[in-house]
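Summary of the model geometry
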Amino acid sequence: MRLFGTDLVLLHPPSVYDFRRIRSEYGPISDVIFSSPAYEMYPIGLTSIASHLEEHGHNVRIVNVAHRMVADPDYDAEAAIARLDPAVFGIGLHWLPHAHGALELARIVKRHHPQTPVVFGGLSASYFHEELIRSPDVDFVVRGDSTEEPVRQLVSALQLGGDLERIPNLTWKRDGEVVVNPLRWSPTRLDGPAVPDVFYAIRSVFKYRSLADVVPFTGWLEYPITGLLVSRGCSMACAVCGGSRPAYRMICNRQGPAFRSPEALVRDVHRIGRFSRGPIFLIHDLRQAGRAWTEKALDLLARERPRNEVVMELFSPVGDDYLARVGAALPRWSLEITIESHVERIRALNQRFACTNEAIEHTIRQALHNGAGRVDLFFMVGLPGQSYDDAVGCVDFCRSLLARLGGDPRLSFFVAPLAPFLDPGSEAYEQPERFGYRVRFRTLEEHRSALLAPSWKEMLNYETEWMTRDQIVAATYEALRGMTRFKNERGQISREVCTETLAAIDASENAVAGIPQPAKGSGAPAGPARFQKSDLVWRIPGRRRFASLLSLAGIALELAFREAKLLLTRRLPLYLGRRV
Ligand code: B12
Ligand code: SF4
């Protein structure tokens, strides 16, 4: 251990390592998130792992390789990795679409640092841990959704000595033989650092002298939106979700969601407000935590009155005064409602918003009535029981809903395919016959190689009884065309933007069909901002995206003090303890 050396470097891979060369047609697979199809956003938990270890005297650095590669066509990822010299490398395989990039980074690490241990983690790494550990480039997998403490124990054991057998959730190799330690670390509360710990991220910019390495996604500096985790795990059992209650039980041994306390959550909101004016997205429906928790959180938010727009999710319709209370508590707020389908039968099969359309409409009316700045409604193609007509029919549903709501401009509609993969761990993946799915890939290797296919149609790991892959693709493009025309009809986008978007949709569909397209521009993995991305942003009022200089200077001072304190009280004792 070196006093000023780095103990752990956490690498976030691009989805496909050589996306700049391969250039598949990714279509709309990342159309309703801020990342490009390289999926350059890293898991928020990387910051809480880093923060937890730094609290214990370790030096931990995040390197968002994916963002660096997307933002700079000349960035040489291999050379950058060769220059790093930590005691341990961590590589994230949280989302399965990173299967190719993650394994490729592991290979590069081993090529340049053959003696340095490589640790994998994340939901997909946890699901495929036994296959992953057989790779010669992977030494450890830390399973579960709360790996801060097991990772600390592992890094400490590797640097200072310790018994690997005692580390919870660890999959490893003893003399080439796979050892799977029990999955017993699954805290019932979300204590500790905020997820994400944005103050760790800011401190690390100065500590490791690189802003680009910790940027959460390309474009974040222009639009500093921050997600904030309300819980780890989810109480719902949506059939197609790999983050559902049954999936967490299977992958993480989690029996129910672990909630952050209302006090900690509102403190996190306050801290974000000290540096950013961007929206704060509260991940997971607050009501999951029960009435008392929700009321407490809303009371505290009402006292805090954040200046940032607070974006909330709903997992089910609202039948009481919840949205009136939200409206009273928050000066600026909006809602994300992912109903997935306008067809009640399909929603019942998917076990999400298994209610009537009237109940959904009532909820939206409540939100608009109580002052929501925006209500976004999301639809999906590729659901159980969904035919081509059901998928495309969402556009007419939106049109008539909007007419009944007086054309309220605060309503926005989005549609996206279930792509590229049906999530492993979801009930539909685990019991495909029950939900009418045909699953094409079962192993990590099959998913890894599928990511190299020329188009997202070939990448899809499923078909359904109601739609072949060709139909899923056709329905997606048709629904996107319908939504685009509808947006133009209602004046949300101009005729020019409508024409350009329709042309981009046609070009993408032709590319999937193998019809040669004009060469794409350099740098971005799949051309321009795609079909709906620009509608995702919330307006940031005023001219500033970040807080005042005074507030930022206060944070800088506080963090410099914190760094010095950590060095003296944590790092030095750890280092000296090792030397004696
Ligand atoms: C919030 C969220 C998002 C946010 C991202 C927030 C973020 N930056 O992390 C947004 C909306 C952007 C998003 C996007 C996507 N998501 Co999402 N998302 C979620 C959601 C709702 C919550 C995630 C969560 O609770 N995380 C908390 C915990 C689990 O993770 P964490 O704290 O970040 O990290 C901990 C562990 O995972 C682990 N870990 C993670 N990385 C590493 C690395 C190492 C080295 C180690 C040791 C440990 C480790 O340790 C961390 C600390 O304890 C889940 C559903 C659910 N309820 O889980 C889906 C989910 C994770 N998403 C999923 C998917 C598929 C996606 C997309 C690919 C969808 C798409 N096609 O666009 C994209 C990918 C985005 C990208 N990378 O650019 C699937 C993943 C299934 C799978 N196995 O692949 C899930 C399970 C369900 C779903 N379908 O939405 N998502
Ligand atoms: S899709 Fe359903 S199960 Fe998955 S995180 Fe959202 S509400 Fe929970």
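Residues numbered from 1 in each chain as written. Chains lettered and ligands numbered in written order. Predicted model: local features only at pLDDT ≥ 70, side-chain atom pairs only at ≥ 80, totals over all residues. Heavy atoms only, no water.

**Looking at the side chain of Ser24**
The following threshold applies: Segments assigned H or I by DSSP are reported as helices when at least four residues long, segments assigned E as strands when at least two residues long, and all are numbered from the N terminus. Polar contacts, as used here, are pairs of N or O atoms within 3.5 Å; protein pairs need one atom able to donate a hydrogen and one able to accept it. Residues neighboring in sequence count only if both atoms are side-chain atoms.
Its place among the elements puts Ser24 in the loop between helix 1 (19-22) and helix 2 (45-55). A polar side-chain atom of Ser24 sits 2.7 Å from the main-chain carbonyl oxygen of Ala453.

**Here we look at the packing of aromatic side chains**
The line we're drawing: By convention, a stacked pair of Phe, Tyr or Trp rings (six-membered ring in the case of Trp) has centres within 6.5 Å and planes under 30 degrees apart, an edge-to-face pair has planes over 60 apart, and any other such pair is tilted. Three labels apply to residues, based on accessible area from a 1.4 Å probe with only protein chains included: buried if under 20% of the type maximum, exposed if over 50%, partly exposed otherwise in between.
Inspection of the entire model under this criterion finds 13 aromatic pairs. Aromatic side chains Phe378 and Phe414 sit 4.8 Å apart centroid to centroid with 15° between the ring planes, which places their arrangement in the stacked category. Of this pair, Phe378 sits in strand 14 (residues 374-381) while Phe414 is found in strand 15 (residues 411-417), placing the two residues 36 residues apart along the sequence. Each member of the pair, Phe378 as well as Phe414, is classed as buried.

**What to know about the site of ligand 2**
The following threshold applies: A single heavy atom is enough: if one lies within 4 Å of a molecule or strand, its residue is considered near that molecule or strand. In this classification, Asp, Glu, Lys and Arg are treated as charged, Ala, Val, Leu, Ile, Met, Phe, Trp, Tyr, Cys and Pro as nonpolar, and every other residue, Gly included, as polar.
All residues adjacent to ligand 2 are Cys234, Met236, Cys238, Cys241, Ser244, Phe315 and Arg352. Per-class residue counts for the shell around ligand 2 are 5 nonpolar, 1 polar and 1 charged.

**Regarding helix 10 (residues 245-252)**
Short version of the rule: Contact criterion: two residues are considered in contact whenever any of their non-hydrogen atoms come within 4.5 Å of each other.
Looking only at helix 10, the buried set comprises Pro246, Ala247, Tyr248, Ile251 and Cys252. Buried-residue contacts for helix 10 involve helix 6 (123-127) and helix 18 (427-430).

**A short note on the packing of helix 2 against helix 9 (residues 198-207)**
Note the cut-off: Axes, fitted as lines to C-alpha atoms, cover a helix only where it is in contact. Angles between the N-to-C directions of the axes lie from 0 to 180 degrees. Just so you know how the angles are binned, under 35 degrees is roughly parallel, over 145 roughly antiparallel, 65 to 115 roughly perpendicular, and the rest oblique. Handedness of a helix crossing follows the sense of rotation of the near helix relative to the far helix, less than a right angle counterclockwise being left-handed and clockwise being right-handed.
Remark: helix 2 packs on helix 9, axes separated minimally by 10 Å, with the N-to-C direction vectors making an angle of 70°. Looking at the two axes, helix 2 sits roughly perpendicular to helix 9. Of the two possible hands of crossing, helix 2 and helix 9 adopt the one that is left-handed. In this structure, helix 2 contributes Thr47, Ala50, Ser51 and Glu54 to the contact, and helix 9 contributes Tyr200, Arg203 and Lys207. Residues belonging to the contact of helix 2 with helix 9 are distributed by class as follows: 2 nonpolar, 2 polar and 3 charged.

**Some points on the site of ligand 1**
The full set close to ligand 1 counts 43 residues, and Ser35, Leu96, Thr147, Tyr248 and Asp423 are the nearest of them. The separation between a nitrogen atom of ligand 1 and a polar main-chain atom of Gly122 is 3.5 Å. At 2.9 Å from an oxygen atom of ligand 1 is found a side-chain nitrogen or oxygen belonging to Arg232. Elements that contribute at least two residues to the shell around ligand 1 include exactly helix 2, strand 3 (88-92), strand 4 (118-121), helix 6 and helix 8 (148-160). Classifying every residue of the shell around ligand 1 by side-chain character gives 24 nonpolar, 15 polar and 4 charged.

**A word on the pattern of salt bridges**
Rules: By definition, a salt bridge exists where a carboxyl oxygen of Asp or Glu is found within 4 Å of a side-chain nitrogen of Lys or Arg.
Tallying each qualifying case throughout the model produces 44 salt bridges. Between Asp285 and Arg287 there is a salt bridge, with its nearest N and O atoms 2.7 Å apart. A residue is classified by how much of its surface remains accessible, and Asp285, at 2% relative accessible area, is buried. Look at Arg287 and you get partly exposed, because its relative accessible area is 22%. Of the charged contacts in the structure, one is a salt bridge between Glu361 and Arg365, with a shortest N-O distance of 3.0 Å. You can see Glu361 and its partner Arg365 sitting in helix 15 (residues 357-369), 4 residues apart, about one turn around the helix. Judged by relative accessible area, which is 39%, Arg365 ranks as partly exposed. Salt bridges linked by common partners bring Arg291, Glu295, Asp299, Asp320, Asp321 and Arg325 together as one network.

**Quick word on the environment of Ile540**
Relative to the helices and strands, Ile540 is located in the loop between helix 23 (495-512) and helix 24 (549-579). Classification of Ile540 by relative accessible area gives buried; the value is 15%. Ile540 sits 232 residues away from Asn308 along the chain, and the two C-alpha atoms are 8.2 Å apart.

**Examining the pairing of strand 6 (residues 170-174)**
Put simply, the rule reads: Any two strands are treated as partners once DSSP identifies two or more bridges connecting them.
Bridge count for strand 5 (residues 140-142) against strand 6 is 3 bridges, and the pairing is antiparallel. Each bridged residue has a counterpart across the sheet, and for Val142 the counterpart in strand 6 is Leu170. Taken together, strand 6 and the strand that follows it, strand 7 (residues 177-180), pair antiparallel across an intervening segment of 2 residues, in which Asp175 is found at a positive phi of about 50°.

**Observations regarding the sheet that holds strand 4**
Here we have 7 strands laid out as an open sheet, ordered 2-1-3-4-5-6-7, and mixed in their pairing. The strands lining the two open edges of the sheet, one partner per strand, are strand 2 (60-63) and strand 7. Pairs of neighbouring strands in the sheet enclose a mean axial angle of 25°, with direction left out of account. Here strand 1 (residues 8-11) pairs with strand 3 via 4 bridges, running parallel. If you follow Leu11 over to strand 3, its bridge partner there is Ile91. Against the sheet, helix 2 contacts strand 1 and strand 2, and its axis sits at roughly 160° relative to strand 2. Sitting on the sheet, helix 8 is in contact with strand 1, strand 3, strand 4, strand 5 and strand 6, with an inclination near 150° to strand 5.

**Considerations on the environment of Gly45**
Within the secondary structure, Gly45 sits in helix 2. Setting aside its immediate chain neighbours within four residues, Gly45 contacts Val195 and Arg232.

**So, the sheet that holds strand 8 (residues 226-229)**
Across the sheet, 6 strands lie side by side as 8-11-12-13-14-15; this open sheet has parallel pairing. Whereas interior strands pair on both sides, the edge strands pair on one side only; in this sheet they are strand 8 and strand 15. Adjacent strand axes in the sheet meet at a mean angle of 25° when their direction is disregarded. Sheet topology places strand 12 (residues 310-314) next to strand 13 (residues 333-340); 5 bridges connect them, and they run parallel. What sits directly across from Val311, in strand 13, is Ser334. Sitting on the sheet, helix 17 (residues 394-404) touches strand 13, strand 14 and strand 15, and the angle it makes with strand 15 is about 170°. Here helix 22 (residues 469-489) sits on the sheet and contacts strand 14 and strand 15; the angle it forms with strand 15, its principal contact strand, is near 165°.

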